[in-house]
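Analysis of the macromolecular model
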Amino acid sequence: MRYKGDEALGLIETVGLVPVLKAADEMLKAAEVELISYENIGSTLVTVIVKGDVAAVKSAVEAGAKAASEIGKLTASNVMPRPIPGVGDIVSVHDIDQ
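Residues numbered from 1 in each chain as written. Predicted model: local features only at pLDDT ≥ 70, side-chain atom pairs only at ≥ 80, totals over all residues. Heavy atoms only, no water.

What follows deals with the pairing of strand 3 (residues 45-52). Burial within strand 3 is extensive, with 7 of its 8 residues counted as buried. Note: strand 1 (residues 8-15) against strand 3, 8 bridges, orientation antiparallel. Residue pairing in the sheet places Glu 13 in a bridge with Thr 47 of strand 3. Summarising the sheet, strand 2 (residues 34-42) and strand 3 pair through 7 bridges and their orientation is antiparallel. Within strand 3, the residue paired with Tyr 38 across the bridge is Val 48. Between strand 2 and strand 3, which pair antiparallel and follow one another directly, the connecting turn spans 2 residues, one of which, Ser 43, has a positive phi of 55°. (Buried < 20%, exposed > 50% of the residue type's maximum accessible area, 1.4 Å probe, protein only. Helix = DSSP H or I, 4+ residues; strand = E, 2+ residues; numbered from the N terminus. Pairing = 2+ DSSP bridges.)

This is the structure:
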């Protein structure tokens, strides 16, 4: 799913795949957000990205960050309320088609 800059973005980065998968699962269950992308940055860092309205993304990131930190190492989490559309070119490199 390509990001076009019209909604908030939520990002969670962990060390390893298992914590980020747990985070993604909790984010999608916690709020009305859509999974748009993932990135394996190297050195075992993995990021998952969701989009939605600002309140939903904030709730989702909080739930996902908590879940990831309970089973692994959370390295970063962030909510970007309506970033510029050019960010879509960066976060849609590995977009998820649903």
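Read on for the rest.
Core analysis: the largest hydrophobic core is formed by 19 residues, its most contacted members being Ile 12, Met 27, Val 33 and Val 48. Listing elements by their share of this core, those giving two or more residues are strand 1, helix 1 (17-30), strand 3 and helix 2 (54-71). With 7 residues, helix 2 is the largest single contributor of residues to this core. The contacts of Val 33, once residues within four sequence positions are left out, are Met 27, Leu 28, Val 50, Lys 51, Ala 56, Val 57 and Ala 60. In this structure, Leu 11, Ile 36, Ile 49 and Val 91 belong to the second largest nonpolar core, which totals 6 residues. (Core = buried A, V, L, I, M, F, W, Y, C linked by side-chain atoms within 4.5 Å. Contact = heavy atoms within 4.5 Å.)

Moving on to the sheet that holds strand 1. Strand order in the open sheet made by the 4 strands is 2-3-1-4, with antiparallel pairing throughout. Strand pairing shows two members of the sheet lacking a second neighbour, strand 2 and strand 4 (73-80), which therefore form its edges. Along the sheet, successive strands turn relative to each other by an average axial angle of 15°, direction set aside. The strands that helix 1 touches are strand 1, strand 2, strand 3 and strand 4; relative to strand 3, the one it contacts most, it runs at about 10°. (Axes fitted to C-alpha atoms, helices over the stretch in contact; angles between N-to-C directions.)

Moving on to unusual backbone geometry. The phi torsion of most residues other than glycine is negative, and most of the peptide bonds are trans. The phi dihedral of Arg 82 falls on the positive side, at around 50°, and the residue is not glycine. On the secondary structure map, Arg 82 appears in the loop between strand 4 and helix 3 (87-91).

This brings us to the pattern of salt bridges. By the definition in use, this model includes 4 salt bridges. For the salt bridge of Lys 29 with Asp 25, the shortest nitrogen-to-oxygen distance reads 3.0 Å. Of the two residues, Lys 29 and Asp 25 both sit in helix 1, 4 residues apart, roughly one turn of that helix. Its salt-bridge partner being Lys 66, residue Glu 70 comes within 2.7 Å of it at the nearest N-O pair. Of this pair, Glu 70 and Lys 66 both sit in helix 2, 4 residues apart, which is roughly one turn of that helix. Among the residues examined, Glu 70 registers a relative accessible area of 55% and is labelled exposed. (Salt bridge = Lys/Arg side-chain N within 4 Å of Asp/Glu carboxyl O.)

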